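# Descriptive structure summary
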Amino acid sequence: MDPPNSKSTKAEKVNDSTEVTIGDGRNAPADFETAIAATGYGRFNYILLLVAMPCCMTTVFETTTMSYVLPSAECDLNLSLADKGILNAITYTGMISSAFLWGFLSDTYGRKRLLVVGFLLDSTFNVLCALSQNMVAIMVFKFMGGFVICGPFAVLMAYLSEFHSLQHRSRVMIVLGVFYSAANMLLPALAWLIIPQPWNLMVGDGLLELHSWQIFLAVSCLPGVLSGVSVMFLPESPKFLMSKGRNEQALAIFRRLHTINIGDRQAFPISELVDELRQDLPVSGKQPAAGKDDHRSAGGASEGFRQLGVMFRKPHLKNACLVYGIQFGILLGLNTFRLWVPQLFTIIEEFEHDQHQWDIGGTQATLCDMLAYKVNKTEQLQQQWLERDVSRALHGPDPVAMEPLDDVLRCTATTEGRVYLYSLIIGCVGIGAYAVTTVMINSIGNRNLLAYGLLLAGSCGTALYWARSSLVTLILSSCYITICSIASTALVGAVVAMFPTSMRTMVVSLTMMFGRTGSIIGNVVFPYLMALGCLPPFIMIGAIVIVVAMVSRLLPRTVKKPLQ
């Protein structure tokens with residue numbers, strides 16, 4: 001933006017960075033895109049991505065650990081398929097309950113502080129969850145973990161985008177996807193290492209009984225601790241500071257980034273930043289007093305509602321509704337299937353084991369046959385557990401009275417290594433796909449990636465109905481999960497460019513809130529669809545993604561679009 005009295009401007013290149021000058025040779029105020037480009041790309045960006053790795057792991061661990069725990073905890077907690085669906089969904093319930101809160105807190109009070117507090121609190125709730133002895137306690141602490149982790153997830157996306165120029169912004173969002181895939185690969189490796197172990201620790205004279213799956217939950221909190229401590233040493237987002245009128249602080253950060261990336265060989269070519277508060281004021285408005293925050297930081301709740309009101313008015317209404325609907329559909333399919341994949345392969349392993357031991361079923365059993373067998377077996381176990389509880393209530397814990405029931409109660413946790421190996425393979429496929437997408441994202445474009453990628457993913461999800469072997473199931477599962485994950489990441493990257501700074505984190509939060517609502521609905525409904533038959537669950541995860549692929553064609557193009 002030109003200063004009020006300037007008559008002519010011109011742009012010149014200085015060390016591959018754009019510098020704006022006015023007619024008499026003095027530097028004109030530079031906007032954010034000019035300033036962040038002038039800092040270059042180097043050591044600081046690599047450090048930032050290094051810190052982002054445990055941050056991404058924390059988010060994945062929070063939402064995914066239960067899916068690896070449930071097959072092993074089934075016997076300890078007497079879980080039905082519906083209980084497993086609820087435990088998979090409870091974290092997302094906590095997330096959507098805090099989406100609005102974290103969004104306006106970040107846009108009002110800054111990114112860094114909320115990242116630190118969020119990650120450390122999440123680690124605390126993970127430890128408490130690991131110490132829990134029943135399903136209700138686990139649900140409470142997983143809900144609180146979801147409530148807390150929602151903030152760091154949305155804030156991290158905005159925070160990283162605001163430290164990268166146009167040239168690298170879309171690519172960085174995909175790099176985050178690589179980290180998420182790496183976390184999805186690390187988690188089953190960690191589960192494989194810990195959960196099959198015959199660990200059973202008694203603490204406090206039997207007050208606490210810790211199994212291997214609880215130790216796995218405790219270990220999974222370590223990335224959160226590392227994330228919270230690491231972010232303490234990073235600066236606040238300069239874009240956020242500019243949006244609050246704190247240009248001197250923002251300029252100091254730009255100079256610091258320039259020094260880290262380029263060194264002291266050259267001075268930072270920008271000496272003044274555009275006053276974004278003045279840009280937002282009406283022509284007849286008064287300049288805000290120096291050193292004071294604008295009206296946007298005047299009040300927390302009122303500011304949040306103001307942002308929400310702006311979001312649902314033109315020109316943002318159409319894009320907001322499209323983004324929310326698309327993310328709802330993507331995560332309904334993705335997180336429903338992704339969180340049931342360990343259980344799905346456990347069902348396959350359990351069926352093959354029982355088939356060998358009891359000579360059940362035919363040699364050409366389909367995935368549908370295996371699912372039907374698991375549903376029936378779980379219902380029988382639930383009935384026997386109910387009869388056991390009734391007998392104990394009537395007769396007390398009498399071994400003689402319980403002997404007939406103990407003969408038929410057979411619940412054996414499945415911890416075969418192949419269950420975790422399949423998830424490892426899916427994670428490896430995801431890393432490779434994200435690496436390719438990172439290189440090609442600017443050529444493909446976010447919109448094309450969503451439309452054509454989701455169409456392929458939906459076809460793979462529906463084709464699972466006809467799967468007749470573990471290999472085919474693994475291939476189709478890998479394609480479905482990987483493509484949907486990339487599409488979800490690309491959508492969030494598009495959101496960053498579609499909305500202005502003052503509402504960016506809010507929109508990302510609400511986008512994920514709608515997606516997590518889909519995750520809750522999918523995980524709760526999925527076991528009931530399994531009880532109805534084999535076709536309904538696979539129709540659900542396939543058809544919804546195909547519909548979303550068609551709708552995504554309505555999104556605007558966002559590759560290399562400047563931040564507002």
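Since the model is a prediction, treat every value here as computed from it, not as a measurement.

## Quick word on the packing of aromatic side chains
- Inspection of the entire model under this criterion finds eleven aromatic pairs.
- Ring centres of Phe 254 and Phe 268 lie 6.5 Å apart, and the angle between their planes is 15 degrees; this geometry places the pair in the stacked category. Of this pair, Phe 254 sits in helix α11 (residues 247-262) while Phe 268 sits in the loop between α11 and α12 (276-280), and the two are 14 residues apart along the sequence.
- Of the residues examined, Phe 254 reaches a relative accessible area of 0% and is grouped as buried.
- Relative to Tyr 422, the ring of Phe 345 lies with its centre 4.4 Å away and its plane at 40 degrees, an arrangement referred to as tilted. Placement of Phe 345 in helix α14 (residues 317-358) and of Tyr 422 in helix α17 (residues 417-444) is noted, with a sequence separation of 77 residues between them.
- Take Tyr 422: its relative accessible area is 9%, and that puts it in the buried class.
- Feature note: the residues Phe 32, Phe 254 and Phe 268 constitute an aromatic cluster, connected by ring pairs.

## Notes on the environment of Thr 64
- Within the fold, Thr 64 resides in helix α2 (residues 43-77).
- Taking the C-alpha atoms as reference, Thr 64 lies 9.2 Å from Thr 91; in sequence the two are 27 residues apart.
- Separated by 2.8 Å, the side chain of Thr 64 and the backbone oxygen of Val 60 make a polar contact.
- At 3.4 Å, the side chain of Thr 64 forms a polar contact with the side chain of Thr 63.

## Quick notes on the packing of helix α5 (residues 111-130) against helix α9 (residues 222-231)
- Relative to each other, α5 and α9 sit at 155 degrees, their axes nearing to 8 Å. Between α5 and α9, the angle falls in the class roughly antiparallel. The way α5 lies across α9 gives a crossing that is left-handed. Touching Lys 112, Leu 115, Val 116, Phe 119, Leu 120 and Ser 123 of α5 are Gly 224, Val 225, Ser 227, Gly 228 and Val 231, all from α9.
- In terms of residue class, the contact of α5 with α9 is made up of six nonpolar, four polar and one charged.

## A few points about a nonpolar patch on the surface
- Together, Ile 86, Ile 521, Val 524, Val 525 and Tyr 528 make up a nonpolar patch on the protein surface, roughly 390 Å² of accessible area in all.
- Per-element tally for the nonpolar patch: the top contributor is helix α20 (residues 501-532), with four residues.
- Following the sequence through the fold, Ile 521 ends up in helix α20.

## Some words on the pattern of salt bridges
- Throughout the structure, instances matching the rule amount to three salt bridges.
- Glu 74 serves as the salt-bridge partner of Lys 84, at 3.2 Å between the closest nitrogen and oxygen. One end of the pair, Lys 84, is in helix α3 (residues 81-97); the other, Glu 74, is in helix α2, with ten residues separating them in the sequence.
- For Lys 84, a relative accessible area of 1% puts it in the buried group.
- Residues Arg 111 and Glu 162 are paired through a salt bridge, measuring 2.7 Å at the closest nitrogen-oxygen approach. Placement of Arg 111 in helix α5 and of Glu 162 in the loop between α6 (135-161) and α7 (166-194) is noted, with a sequence separation of 51 residues between them.
- Take Arg 111: its relative accessible area is 0%, and that puts it in the buried class.
- Judged by relative accessible area, Glu 162 falls into the buried class, the value being 0%.

## As for empty space enclosed by the protein
- If you walk through the whole model with that rule in mind, you get five cavities of 30 Å³ or more.
- By volume, the largest cavity is sized at about 510 Å³.
- Lining the largest cavity are 32 residues, with Asn 184, Leu 334, Asn 335, Arg 338 and Ser 485 positioned closest to its centre.
- Here the lining of the largest cavity is composed, by residue class, of 16 nonpolar, 14 polar and two charged.

## Describing the side chain of Ser 478
- Mapped onto the elements, Ser 478 comes out in helix α19 (residues 470-498).
- On the basis of relative accessible area, Ser 478 is assigned to the buried category, the value being 5%.
- The residues contacting Ser 478, other than those within four sequence positions of it, are Ile 426 and Val 429.

## A look at the confidence of the model for the protein chain
- Mean pLDDT over the protein chain: 77, with 78% of residues reaching 70 or higher.
- Ranking the elements of the protein chain by mean pLDDT puts strand β1 (residues 9-14) last, at 39, and α9 first, at 93.
- A low-confidence stretch, residues 281-300 (pLDDT under 50), is modelled with 25 contacts involving residues beyond four sequence positions or located in other chains.

## Structural notes on the packing of α3 against α6
- Relative orientation of the contacting elements α3 and α6 amounts to 35 degrees, with a least axis distance of 6 Å. For the crossing formed where α3 meets α6, the hand is right-handed. Every residue of α6 that contacts α3 at Asp 83, Ile 86, Leu 87, Ile 90, Thr 91, Thr 93, Gly 94, Met 95 and Ser 97 is listed here: Met 135, Ile 138, Met 139, Lys 142, Phe 143, Gly 146, Phe 147, Ile 149 and Cys 150.

## Some remarks on the nonpolar core
- Leu 176, Phe 216, Phe 254, Ile 330, Leu 454 and Tyr 480 are the most contacted members of the largest nonpolar core, which has 139 residues in total.
- Counting residues per element, this core draws most heavily on α14, at 18 residues.
- Excluding its chain neighbours within four sequence positions, the residues that come into contact with Leu 454 are Ile 330, Leu 449, Ile 483, Cys 484, Ala 487, Val 545, Val 548 and Ala 549.
- Within the second largest apolar cluster, seven residues are counted, among which are Val 178, Ile 441, Leu 449 and Ala 490.

## What about the side chain of Thr 462?
- Of note, Thr 462 is situated in helix α18 (residues 446-463).
- Classification of Thr 462 as buried rests on a relative accessible area of 19%.
- Within polar-contact distance, the side chain of Thr 462 engages the backbone oxygen of Gly 458 at 3.0 Å.
- Excluding anything up to four places from it in sequence, Thr 462 contacts Phe 538, Ile 539, Gly 542 and Ala 543.

Criteria and thresholds
- Residues numbered from 1 in each chain as written.
- Predicted model: local features only at pLDDT ≥ 70, side-chain atom pairs only at ≥ 80, totals over all residues.
- Heavy atoms only, no water.
- Phe/Tyr/Trp six-rings, centres within 6.5 Å; stacked < 30°, edge-to-face > 60°.
- Helix = DSSP H or I, 4+ residues; strand = E, 2+ residues; numbered from the N terminus.
- Buried < 20%, exposed > 50% of the residue type's maximum accessible area, 1.4 Å probe, protein only.
- Polar contact = N/O pair within 3.5 Å; in protein donor to acceptor, adjacent residues only side chain to side chain.
- Axes fitted to C-alpha atoms, helices over the stretch in contact; angles between N-to-C directions.
- Parallel < 35°, antiparallel > 145°, perpendicular 65-115°, else oblique.
- Left-handed = near helix turned anticlockwise from the far one by under 90°.
- Contact = heavy atoms within 4.5 Å.
- Nonpolar A, V, L, I, M, F, W, Y, C, P; charged D, E, K, R; others polar.
- Patch = residues over 30% accessible without salt bridge, like charges linked within 9 Å, V, L, I, M, F, W, Y side chains within 5 Å.
- Areas by Shrake-Rupley, 256 points an atom, 1.4 Å probe, with all protein chains shown as cover.
- Salt bridge = Lys/Arg side-chain N within 4 Å of Asp/Glu carboxyl O.
- 1 Å grid on protein atoms, 1.4 Å probe; cavity = no way out; pocket = protein on both sides within 12 Å on 5 of 7 lines; lining within 4 Å.
- Points joined across faces, edges and corners; volume = space filled by probe spheres on them.
- pLDDT = per-residue confidence, 0-100.
- Core = buried A, V, L, I, M, F, W, Y, C linked by side-chain atoms within 4.5 Å.

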